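Each chain, written out:
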Amino acid sequence: MTPALTALAERILAGDRRALARAITLIESRRLEHQLHAEQLLGRLLPATGRAVRLGISGTPGAGKSTLIEALGAHLIEHGHQVAVLAVDPSSRRSGGSILGDKTRMQRLAQAPQAFIRPSPTGGTLGGVTRRTREAGLACEAAGFDVVVIETVGVGQSEAAVADMVDSFLLVLAPGGGDALQGIKRGIIELADLVVINKADGELRAAALRAQADYRAALQLLRPATVGWTPEVLTCSALEGSGVAELWQALGRHRRALEAGEGLAAKRARQSGSWLWAEVQAGLIEALRADPATARSLAELEEVVAAGRLLPPEAARALVARFRAGDPA
Ligand SMILES: Nc1nc2c(ncn2[C@@H]2O[C@H](COP(=O)(O)OP(=O)(O)OP(=O)(O)O)[C@@H](O)[C@H]2O)c(=O)[nH]1
Ligand SMILES: [Mg+2]
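Structure report, in brief. Position numbers for residues start from 1 in each chain and track the written sequence from start to end. All chains are assigned letters beginning at A, and all ligands numbers beginning at 1, according to the order in which they are written. Two thresholds apply to this predicted model, a pLDDT of at least 70 for residue-level local features and 80 or more for giving and counting side-chain atom pairs, whereas whole-chain, interface and lining totals are computed over all residues. Water and hydrogen atoms play no part in the side-chain values, which are based on all heavy atoms of the structure.

Remarks on the overall build of the chain
Scanning the chain for helices and strands turns up 14 helices and seven strands. Remark: exposure states derive from per-residue accessible area (1.4 Å probe, protein chains only) relative to the maximum for the residue type, with buried under 20%, exposed over 50%, and partly exposed in between. The burial tally for the chain puts 47% of its 329 residues in the buried class. Of the contacts formed within the chain by residues at least 6 apart in sequence, a portion of 77% connects residues at least 24 apart. Per element, the accessible surface of the chain, about 16600 Å² overall, is 56% carbon and sulfur. What counts as a helix is a DSSP run of H or I of at least four residues, what counts as a strand is a run of E of at least two, and both are numbered from the N terminus. We call two residues contacting when some pair of their heavy atoms lies within 4.5 Å. Working definition of accessibility: Shrake-Rupley area with a 1.4 Å probe, residue cover restricted to the visible protein chains.

Laid out in structure tokens, this is it:
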């Protein structure tokens, strides 16, 4: 490790936010040299991680995730916590306007010295984005943030990836007109440890209470994401700040249920295992793509498959067999 990297690590461990921001820039860089530095840095930071509450927040676009994070963040800071927020959006849906919107929606938090907000770069593969987010989260923990919030939009596959890197996964919904079980995929609901119906204020309050009853009924029928825990359905108004303290209490209840069941350490170990496996898969696919003989085999096999002379599974087996037979070096 270079002296500069060691110094950077020391500054992060001392809680220096500019050093943390530099580290995340290294983590996000696609340059090989930066990636190697980021790996060394994380190795150094790792012993100082693991003590934070890891919270995932997902939900339909415009449900009020950012506003809620602002309100929850303010509540937590008031109670002596230090909060880091990372936003994931591999779909590139997030436009410049949306990020600007986030800045104003999380204004108080953005200015608080006890908070750190960082949008993840858009684009790239889901695997790449989630790797960078996990690593950025660890860097935040090493810098002393004891609550790390990861925000993602509930429209793609990213929420499953986020659910797999946090202790508690919270789904934020807005009361929908009439049909409460609005545009959110069942698969995402199944990931939720907690559901919060936001915008329970003004004219929307009655609809929010109906949606709460509907989701409670629906969640009874699903297999809970955490053993021994039935997901709670709450209402809140991020705009007015009501229900936010109750939300944090509910998250505490989920955490205690997790401890009493599988155990937090066991859950995190399982998540590390699936991260490892995801990295192995990504590495293997990269190796396959980079292998010229495989590229030739693939072109050949694609033709045969397209002509209907071979089924894809058989062709895939042949491809893997040829790759394995070759010298991987
Ligand atoms: N009435 C009401 N409006 C809210 C509440 N929370 C958020 N909003 C409004 O809903 C809109 C979207 O809020 P955001 O916090 O940006 O929602 P988001 O889920 O982060 O949106 P994306 O990140 O773009 O998916 C904004 O106009 C907010 O002012 C609430 O509790 N009540
Ligand atoms: Mg947002």
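With respect to the pattern of salt bridges
By definition here, a salt bridge exists when the distance from a side-chain nitrogen of Lys or Arg to a carboxyl oxygen of Asp or Glu is within 4 Å. If you walk through the whole model with that rule in mind, you get 13 salt bridges. Residue Glu-10 is joined to Arg-44 by a salt bridge in which the shortest nitrogen-to-oxygen separation is 2.3 Å. Of the two residues, Glu-10 is situated in helix 1 (residues 3-13) and Arg-44 in helix 3 (residues 32-45); the sequence distance between them amounts to 34 residues. Judged by its relative accessible area of 38%, Glu-10 falls in the partly exposed class. By relative accessible area, Arg-44 is classed as partly exposed at 34%. In this structure, the salt-bridge partner of Asp-167 is Arg-255, at a minimum N-O distance of 3.1 Å. Of this pair, Asp-167 sits in the loop between helix 8 (158-163) and strand 5 (168-173) while Arg-255 is found in helix 11 (residues 244-260), placing the two residues 88 residues apart along the sequence. Note on accessibility: Asp-167 and Arg-255 belong to one class, buried. Salt bridges here are not isolated pairs; linked through shared partners, they connect Asp-167, Arg-255 and Arg-268.

Comments concerning the nonpolar core
Residues Ile-12, Leu-20, Leu-41 and Cys-140 are the most contacted members of the largest nonpolar core, which totals 35 residues. Mapped onto this core, the elements with two or more residues apiece are helix 1, helix 2 (17-28), helix 3, strand 2 (83-88), helix 7 (126-142), strand 4 (147-152) and helix 8. When sequence neighbours within four positions are dropped, the list of residues in contact with Cys-140 reads Leu-20, Ile-24, Ala-84, Leu-86, Phe-116, Phe-145 and Val-148. Each nonpolar core is a collection of buried residues, namely Ala, Val, Leu, Ile, Met, Phe, Trp, Tyr and Cys, held together in the definition by side-chain atoms within 4.5 Å.

Describing the sheet that holds strand 2
Note on pairing: DSSP must find at least two bridges between two strands before they are called paired. As summarised here, the arrangement of the seven strands in space is 3-2-4-1-5-6-7, forming an open sheet in which the pairing is parallel. Bordering the open sheet on either side are strand 3 (115-119) and strand 7 (232-235), each of which pairs with just one other strand. Pairs of neighbouring strands in the sheet enclose a mean axial angle of 20 degrees, with direction left out of account. Of the strand pairs in this sheet, strand 5 and strand 6 (residues 194-197) are connected by four bridges, and their pairing is parallel. Residue Val-172 lies in a different strand from strand 6, and its bridge partner there is Val-196. Fitted lines through C-alpha atoms serve as axes, helices being fitted only where they are in contact, and the angles separating the N-to-C directions of these axes extend from 0 to 180 degrees.

Some details on the site of ligand 1
Near residues are defined by distance, with any heavy atom within 4 Å of the molecule or strand qualifying the residue. Near ligand 1 there are 19 residues, and of these Lys-65, Ser-66, Thr-67, Arg-105 and Asp-201 occur at the shortest range. In isolation ligand 1 exposes 650 Å². Once the protein is present, 80% of that is buried. The element that contributes the greatest number of residues to the shell around ligand 1 is helix 4 (residues 65-78), accounting for three residues. Under the convention adopted here, Pro, Cys and the residues Ala, Val, Leu, Ile, Met, Phe, Trp and Tyr are nonpolar, Asp, Glu, Lys and Arg are charged, and Gly plus all remaining residues are polar. Per-class residue counts for the shell around ligand 1 are four nonpolar, eight polar and seven charged.

Focus: a nonpolar patch on the surface
Only residues above 30% relative accessible area that lack a salt bridge enter a patch, with like-charged residues linked at up to 9 Å and the nonpolar side chains Val, Leu, Ile, Met, Phe, Trp and Tyr linked at up to 5 Å. A contiguous nonpolar patch, built from Leu-276, Trp-277, Val-280 and Leu-284 and spanning about 410 Å² of accessible area, is present on the exposed surface. Considering the arrangement of structural elements, one finds Val-280 in helix 12 (residues 264-290).

Section: the coordination of the magnesium ion (ligand 2)
Perfect tetrahedral coordination of a metal by four donors corresponds to 109.5 degrees between them, and perfect octahedral coordination by six donors corresponds to 90 or 180 degrees. Excluding water, the donors of a metal are its N, O and S neighbours within 2.8 Å, or within 3.2 Å for Na, K and Ca, and that exclusion means sites may look incomplete. Surrounding the magnesium ion (ligand 2) are the protein donor atoms Ser-66 (OG) and Glu-151 (OE), at 2.1 to 2.4 Å. Within this pair, whereas Ser-66 is found in helix 4, its partner Glu-151 is found in strand 4, the two being separated by 85 residues in sequence. Neither Ser-66 nor Glu-151 differs from the other in exposure class; each is buried.

Some points on the packing of helix 1 against helix 2
Viewed as axis vectors pointing N to C, helix 1 and helix 2 meet at an angle of 125 degrees, and their least axial separation amounts to 8 Å. Regarding the angle of helix 1 to helix 2, the classification is oblique. Helix 2 is crossed by helix 1, and the crossing has left-handed handedness. In contact with Leu-5, Leu-8, Arg-11 and Ile-12 of helix 1, helix 2 contributes Arg-18, Ala-19, Leu-20, Arg-22, Ala-23 and Leu-26. Class assignment of the residues belonging to the contact of helix 1 with helix 2 gives a composition of seven nonpolar, no polar and three charged. Any angle between 65 and 115 degrees counts as roughly perpendicular, while under 35 counts as roughly parallel, over 145 as roughly antiparallel, and the rest as oblique. What makes a crossing left-handed is the near helix being turned counterclockwise from the far one by less than a right angle; a clockwise turn instead makes it right-handed.

Observations regarding the pairing of strand 7
Of the two faces of strand 7, both are covered, the one formed by Glu-232 and Leu-234 as well as the one formed by Val-233 and Thr-235. The parallel pair strand 6 and strand 7 is bridged by helix 10 (residues 205-220), and the resulting crossover is right-handed. Classification remark: right-handed applies to a crossover when, strands pointing away from the viewer, the course from the first strand over the helix to the second runs clockwise.

Describing helix 13 (residues 292-306)
A helix is expected to span 1.5 Å multiplied by its residue count minus one. For helix 13, spanning 15 residues, the distance from its first C-alpha to its last is 21 Å, which sits close to the expected 21 Å at 1.5 Å a residue. Those residues of helix 13 that sit buried are Thr-294, Ser-297 and Leu-301. End-on, the buried residues of helix 13 take up no more than an arc of 60 degrees, which puts them together on one face. Among the exposed residues of helix 13, those pointing more than 90 degrees away from its buried face are Pro-292, Arg-296, Glu-302, Glu-303 and Ala-306. Against helix 12 and helix 14 (312-325) lie the buried residues of helix 13. Among the residues trailing helix 13, Gly-308 stands out with phi positive, at a value near 80 degrees. Here the arc refers to the set of directions running from the helix axis out to each C-beta atom.

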